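Survey of secondary and tertiary structure
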Amino acid sequence: MKELIKKLVETYGPSGSEEQIRQAIMEEVGPFVDDLRVDPLGNLIAVKRAAKGDGGKKIMVAGHMDEIGVMVTHVDEKGFLRFGVIGGVSPQVLLGERVVFADGTVGVIGSERLDEPKDLRVEKLFIDIGAKDKAQAEKVTGIGRSAGYYRKLDDLGGRLVSKAMDDRIGCAVMIQAARELKKSPNDVYLVFTVQEEVGLRGARTSAFAVDPDLGIAVDVTRTGDTPKGLTMAVELGGGAAIKVKDSSLVAHPKVKELMTEVARAEGIPHQFEVLEAGGTDAGAIHLTREGVPSGTISIPTRYIHTPSEVVDYGDVQACVRLLKGILERRVEL
Amino acid sequence: MVTPAKTIELFRRLSEAPGPSGQEDEVRSILRGEVEKLVDEVHSDTMGDLIARRKGRGKKVMVAAHMDEVALMISHIEKEGLLRFRKVGGIDDRVLLTKTVHVGRDRLPGVIGAKPIHLQEPREREQVIKLDNLFIDIGARSREEAEKLVKVGDYAVFTTRFERFGSGLVKGKALDDRAGCLVLLETLRALQQTPLKLDLYGVFTVQEEIGTRGAAVTAYDIAPDIGFVLEGTVCSDTPGTDPHGQSTVVGAGPAISIMDAGTIADRRLVDFLVATAEENGIPYQFRRATTGGNDGARIHLAREGAPTASISVPCRYIHSPVSVCSLEDLERAARLLTAALKKIAEGGLKL
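Residues numbered from 1 in each chain as written. Chains lettered and ligands numbered in written order. Predicted model: local features only at pLDDT ≥ 70, side-chain atom pairs only at ≥ 80, totals over all residues.

**Some remarks on the overall build of chain A**
The helix and strand inventory of chain A stands at nine helices and 17 strands. In terms of C-alpha radius of gyration, chain A reaches 20 Å, essentially the compact-globule figure of 20 Å for 333 residues. For chain A, the spread of C-alpha atoms along the principal axes amounts to about 65 × 45 × 40 Å. By residue count, 53% of the 333 residues in chain A fall in the buried class. Here the contacts in chain A between residues at least 6 apart in sequence split such that 76% fall between residues at least 24 apart. (Helix = DSSP H or I, 4+ residues; strand = E, 2+ residues; numbered from the N terminus. Rg over C-alpha atoms; globule rule 2.2 N^0.38 Å. Buried ≥ 20, exposed ≤ 12 C-beta atoms within 10 Å, placed from the backbone. Contact = placed C-beta atoms within 7 Å.)

**Considering the packing of helix α7 (residues 267–279) of chain B against helix α9 (residues 327–345) of chain B**
All names here are of chain B. Where α7 meets α9, the axes come as close as 9 Å, and the angle between the chain directions of the two elements is 110°. Accordingly, the angle class assigned to the pair α7 and α9 is roughly perpendicular. Every residue of α9 that contacts α7 at Phe-272, Leu-273, Thr-276 and Ala-277 is listed here: Leu-336, Ala-339, Ala-340 and Lys-343. Classifying every residue of the contact of α7 with α9 gives six nonpolar, one polar and one charged. (Axes fitted to C-alpha atoms, helices over the stretch in contact; angles between N-to-C directions. Parallel < 35°, antiparallel > 145°, perpendicular 65-115°, else oblique. Nonpolar A, V, L, I, M, F, W, Y, C, P; charged D, E, K, R; others polar.)

**Examining the confidence of the model for chain B**
For chain B, the mean per-residue pLDDT works out to 95, and 100% of the residues sit at or above 70. The ipTM value of the predicted complex is 0.92, and its pTM value is 0.94. (pLDDT = per-residue confidence, 0-100.)

**Observations regarding the packing of helix α2 (residues 25–35) of chain B against helix α5 (residues 175–190) of chain B**
How two helices sit against one another is set out by the angle between their axes and by the gap between those axes. All names here are of chain B. Where α2 meets α5, the axes come as close as 11 Å, and the angle between the chain directions of the two elements is 10°. Classified by the interaxial angle, the pair formed by α2 and α5 is roughly parallel. Residues Leu-31, Glu-34 and Val-35 of α2 form the contact with α5, whose participating residues are Cys-181, Leu-185 and Leu-188. Split into classes, the residues belonging to the contact of α2 with α5 amount to five nonpolar, no polar and one charged.

**Points about the domain arrangement of chain A**
Residues and elements named next belong to chain A. Per the domain assignment, the segments making up chain A are domain 1 (2–67 + 163–328) and domain 2 (69–149). The C-alpha-based centres of domain 1 and domain 2 are spaced at 31 Å. Facing 15 residues of domain 1, the contacting portion of domain 2 comprises 13 residues. Among the residues making up the side of domain 1 that touches domain 2, the classes are represented as five nonpolar, seven polar and three charged. (Domains from an automatic or database assignment.)

**Quick notes on the domain arrangement of chain B**
The domains assigned to chain B are domain 1 (5–69 + 173–345) and domain 2 (71–158). The residue inventory of the side of domain 1 of chain B that touches domain 2 of chain B, partitioned by class, reads four nonpolar, four polar and three charged.

**Digging into the pairing of strand β3 (residues 58–64) of chain A**
All names here are of chain A. The element β3 is largely enclosed, with a buried count of six among its seven residues. Relative to strand β12 (residues 187–193), β3 runs parallel, the two sharing seven bridges. If you follow Ala-62 over to β12, its bridge partner there is Val-191. Where β3 lies against strand β13 (residues 214–221), four bridges are found, and the strand directions are parallel. Paired with Ala-62 across the two strands is Ala-217, which belongs to β13. (Pairing = 2+ DSSP bridges.)

Structure below.
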């Protein structure tokens, strides 16, 4: 599974520019599902059907393909690029960072001279792609082009670090579960969504189209286990996190119970998660049409939205087992 | 290029008509009168959106421009006969002071009063007067007198007269988004004699300024394949702004959005609009701000989603009593949309 994770996290795909990551996911999940389609906004919907006459539920599992990034808004005479941010990117993290565009062009982020560190704002930063002037810069990029962090995956021994664990690790969990899922009484819709980082947008339209009986998001969550960090019960290595609440969703009690029951029955390490600020695609799914009972399986992750997001490989495997366990069950709601 | 006098007169009527969010009927009636001649069907929905349909086989395209403008609403009448008010949409407190307004449907004249400089403490002069300390003076001497003329809940709108000035510029209130409404009308007019393999919906929406509300229900109803939004958008090309902070420049052509707070413009549509502008020799620019939002936020997320892009007329000083735009930008925006719709009808857009 580590190879799959490496492939997904290293692929380019800021919100609104998900073509490459969608292609990569199609290659990986295609052989294990019955149907694949791309909807008007670019969501990838992969369907694994129940055996005929099994009469199970329609379950939508959502993991988002997009990652945070930056978008070029201006090219100056000397070839420097000004930009706006796509999703929750902070200027502190960007400073000195390298970013990559869809065609592989690499740029480094520099700053205007600042009087005080607190003056650091996105408007003060620019991307230097090594161009000598505007004309040269515009040969490879231009206004409206997006870039993401330029980082590789490193295996720290049981723990993996990379850009875009949020939420390629969720996509990897879904793909791995599809690979291992032999038979299910349910129609399983694996939806790899677009534009989660800018407001759960892909989940909203795909959930309307799928119209599921049960919604499950698979996404990263914060941890409380770093020095003088967040006060939060979730820790790396503590197993799959079953979401109770975040700012987008109160997990449906029956969905939470279902997850807990599967984890207990199958001896899957798990922990409960209450996240104060943040949301996932389940926030959009559960409010679709007449409402959809929904919950979230979270992968505990440190340093979210930086180029170095860290997950525990054991937690990832626990999440795969938990998702597979749920999908295999005959679900009563 | 010379803008026909008839078009300028129509722009004047649109700009001067009051159309606060939630009470767009005067603007709607002007638009209805114009659009009825240009399409197959016109109707209003329960919220007041005006939907003009040109029936046809082919892609279902929704083009939206909002009718409403930022305004004020009377919230309380003081015993001295002065009116307290709240904002309807995003208005900077700093632009309110001493402006004249029309209150209610009968356009009762009023002025937003303030303490004259002679009577202010030195400290007061350095501060922006907060909304809570402002009032509208309608010349009434008591609450009783005022209550005969206005009710709590009445709107107040700015009174700015529309004028041409400079070389090909106009100034007036509510160019955001009467400019977009005019672009939509002129596009439908330009296409009137052209057979089109399109199911085209021109939608004049309500309540954009308070949360893109009209667009939400119309997009749900229409369920388009493709969405376009026509806007009067932010521009700060005046001295003191760095080139990378300018957003748009008046006179440099219609602005194609790349991203704002509510929408990432569909990349395929952006590239398509750029190619269409270049093929037709229409100057264009990108909207270089990534803040703000428009009806596109609702349209692209309606039902199963629809690729959506925005074309805007750059307007200086929007959300104030007076804004400025270029007639040439407006014509170019209409030409760009006209060419784009023809191309889509001919199967020239691959999605």
